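This is what each chain is made of:
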Amino acid sequence: MFDWITRPRRKGHFAALDHADFPPLEPGTVWLVGAGPGGPGLVSLLGYHGLGQADVVVHDALVSDALLAMAPRRAQLFFAGKRGGKPSPKQADISLQLIGLAKAGKRVLRLKGGDPFMFGRGGEEAGALARAGVPFRIVPGISSGLGGLAYAGIPVTHRDTNHAVVFLTGHDDTGAVPQGVDWGAIANAAPVIVMYMAVKHLGSIAEKLIAAGRATDDRLTIVSHVATPQQSAISTTLADASSLTDVPTPAIIVLGPVGAYSQTLDWYVQGARSHVFG
């Protein structure tokens, strides 16, 4: 039996947070905020609070327009998107911009798709801020490798299939296949491998994993535009990965048996996609 707690109903549920004890985004401070994987409703309450206080929002390419529209009208928006293999602002320049804006007394919100510390260069930016003496706060976000896959009905762990998971980036800072990866260890470390930003080099990565002993018939699932009405999924095998063409990006890739759960757990269909916030 459950003990139910009855609370008085309020008009406007979010209005209950108007006087909540959120930390202020102070002038001269930078918040590194995770925007989540797609729909703007997946940003955290603390991230939404910071967005409402910002003087400047420095945002990635994967941050939705609907979320940016929640920033104050007075706030300046700066695009700092980095996409693998495409012309992008240099990371050093982005960090210098954050430092410069903060030292000018601005309330700076660095809004990053997914989570700042999951292949989001948040650690590099936080390090630059720390060295420059700029106060900062990390506001974690829902990573596409967790929440994005959940929108496709894919649990990254399940007691019937795996007790471990490996997270892998599909390219290094040069845009090439990561050179510092022990492919033999990666291939055999866990039943499930989740790959970020890996579509471009998927064929090469598949070859390396197979050469290291990964089963050729291992299930490979690619979910594109996660947690948005445009979400789509492709299922194949590791051996056939190199034959895929025109895969929509951005995409998150999961290798392993958990991809099969989408056949019964794929809940984000039809009417569920009609809500802008996710």
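For the structure, see preceding data.
Thresholds applied
For every chain, the first residue of the written sequence is number 1, and numbering continues from 1 along that sequence. Thresholds applied to this predicted model are a pLDDT of at least 70 for local features of residues and 80 or more for the giving and counting of side-chain atom pairs; totals over whole chains, interfaces and linings are not thresholded and use all residues. Side-chain metrics rest on all non-hydrogen atoms present in the structure, leaving aside hydrogens and water. To pair, rings of Phe, Tyr and Trp, with the six-membered ring standing in for Trp, must have centres within 6.5 Å; the planes then decide the type, stacked if under 30 degrees apart, edge-to-face if over 60, and tilted in the middle. In DSSP terms, a helix is any run of H or I states spanning at least four residues, a strand is any run of E spanning at least two, and both are numbered starting from the N terminus. We call a residue buried when its accessible area falls under 20% of the maximum for its residue type, exposed when it is over 50%, and partly exposed in between, using a 1.4 Å probe and counting protein chains only. A 3.5 Å cut-off defines polar contacts: any pair of N or O atoms within that distance qualifies, except that in protein one atom must be a possible hydrogen donor and the other a possible acceptor, and neighbouring residues in sequence count only when both atoms are side-chain atoms. Any two residues whose heavy atoms approach within 4.5 Å are treated as being in contact. Residues grouped as a nonpolar core are buried Ala, Val, Leu, Ile, Met, Phe, Trp, Tyr and Cys residues, joined through side-chain atoms within 4.5 Å.

(A) Summary view of the packing of aromatic side chains. Using the criterion set out here, one finds five aromatic pairs in the structure. Aromatic side chains Tyr151 and Tyr268 sit 4.8 Å apart centroid to centroid with 70 degrees between the ring planes, which places their arrangement in the edge-to-face category. Of the two residues, Tyr151 is situated in the loop between helix H5 (144–150) and strand E6 (165–169) and Tyr268 in the segment after helix H8 (262–265); the sequence distance between them amounts to 117 residues. Here Tyr151 and Tyr268 have matching classes, each one buried.

(B) Layout of the side chain of Glu125. Within the secondary structure, Glu125 sits in helix H4 (residues 122–132). Its relative accessible area of 0% is what places Glu125 among the buried residues. There is a polar contact of 3.3 Å between the side chain of Glu125 and the side chain of Lys112. Excluding its chain neighbours within four sequence positions, the residues that come into contact with Glu125 are Leu32, Gln91, Ile94, Ser95, Leu98, Arg110 and Lys112.

(C) Representation of the nonpolar core in the model. Core analysis: the largest hydrophobic core is formed by 22 residues, its most contacted members being Ile193, Met195, Ile205 and Leu209. Secondary structure elements with two or more residues in this core: E6, helix H6 (183–189), strand E7 (192–196), helix H7 (202–211), strand E8 (219–224) and strand E10 (251–255). Setting aside its immediate chain neighbours within four residues, Ile193 contacts Val166, Leu168, Ile186, Ala187, Leu209, Arg214, Ile253, Val254 and Leu255. Judged by nonpolar contacts, the second largest core, of 16 residues, contains Leu25, Ala54, Ala71 and Leu111.

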